[in-house]
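# Descriptive structure summary
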Amino acid sequence: GAHCIIKVMDGRTPMSLKLYGLKRRSQKAALREYLSPFDVGQSSSSIHARIQTERAVLALWQKEGFDVPKIYSPAFLEGFEQPCLAMEFIPGQTLTTFLLDTTIPLDHKKDIISRFCREMARRHERALEQQEIRLLLFHPNMSRILVLDDRLVYLDFEVMYTPDYDVKRIASKEIGGFLYSLARCVPRQQLHPLMECFIKAYPGKARMAFVLEEMRRFGTVPVYGWLKRFPFMFLFYSKYRKTVTFLKEFDVYTASQGIS
């Protein structure tokens, strides 16, 4: 019943086998599932729902040309009791680990960040065209992306936003989430140059300007526009207070460098 990912070999083919189980004690899991319809509009957290969501989203991203692990259907899964999903094994490192590595040249990191932002913008435009919320991430985090040669592979699609959300706002919220994640996973001396690279590399300048304006005020892009009427609510979260601090320091940096 454990929730985990293991590497298995099917003949000579390495695979990642994701076993879906409880992520918390059964009482907490039951309470979370009961409350999920009243939560912030996320898909169900039940075991069955998580595997169905992940399978559907992986198929969607592959169809739209975004890099995610391929899904396999090996014969050894027949009769397997625990819900599981066999996927392509990606022998890379997380983008978090990559960015933290002080032996990797800054210019190489900038190249990766630039490519990441351009691809994210392409995905956002596709999500807006189709009004497809599943092309946006519920948990935007550098640790959920693997770097392998010229590939940036996204992982973990168990929980997604439900369709009643404003796709444009959630796209902006995703950008803010990745900016916060970036600020947490780079060496201190590289923080501002990489933030500058991230902000400049995203092609949608109006959207990026909106994200920065929201984050300077709230520390995040509020998931609903009406939440902006209650700015004091965001001050209770240290995560959002830190984001405001990051951006104030970045503004000082850009001013000192003569960057507009």
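In case you missed it, the structure is sitting above this.
Below you will find a few notes about this structure. (Residues numbered from 1 in each chain as written. Predicted model: local features only at pLDDT ≥ 70, side-chain atom pairs only at ≥ 80, totals over all residues. Heavy atoms only, no water.)

## A few points about the pairing of strand β1 (residues 4–10)
In this structure, β1 lies alongside strand β2 (residues 13–19), joined through 7 bridges in antiparallel fashion. Looking at β2, one finds that V8 is bridged to M15. Hairpin connection of β1 to β2: 2 residues between the antiparallel strands, including G11 at a positive phi of 65°. (Pairing = 2+ DSSP bridges. Helix = DSSP H or I, 4+ residues; strand = E, 2+ residues; numbered from the N terminus.)

## As for the pattern of salt bridges
On inspection of all chains with the given rule, the structure shows 19 salt bridges. In this structure, R151 engages E88 in a salt bridge whose closest nitrogen and oxygen atoms are separated by 3.0 Å. A residue pair is termed long-range when its members are at least 10 positions apart, and R151 in strand β7 (residues 151–154) and E88 in strand β4 (residues 84–88) qualify at 63 residues. Of the residues examined, E88 reaches a relative accessible area of 11% and is grouped as buried. Connected through shared salt-bridge partners, K18, R50, E54, R144, D156 and E158 make up one network. (Salt bridge = Lys/Arg side-chain N within 4 Å of Asp/Glu carboxyl O. Buried < 20%, exposed > 50% of the residue type's maximum accessible area, 1.4 Å probe, protein only.)

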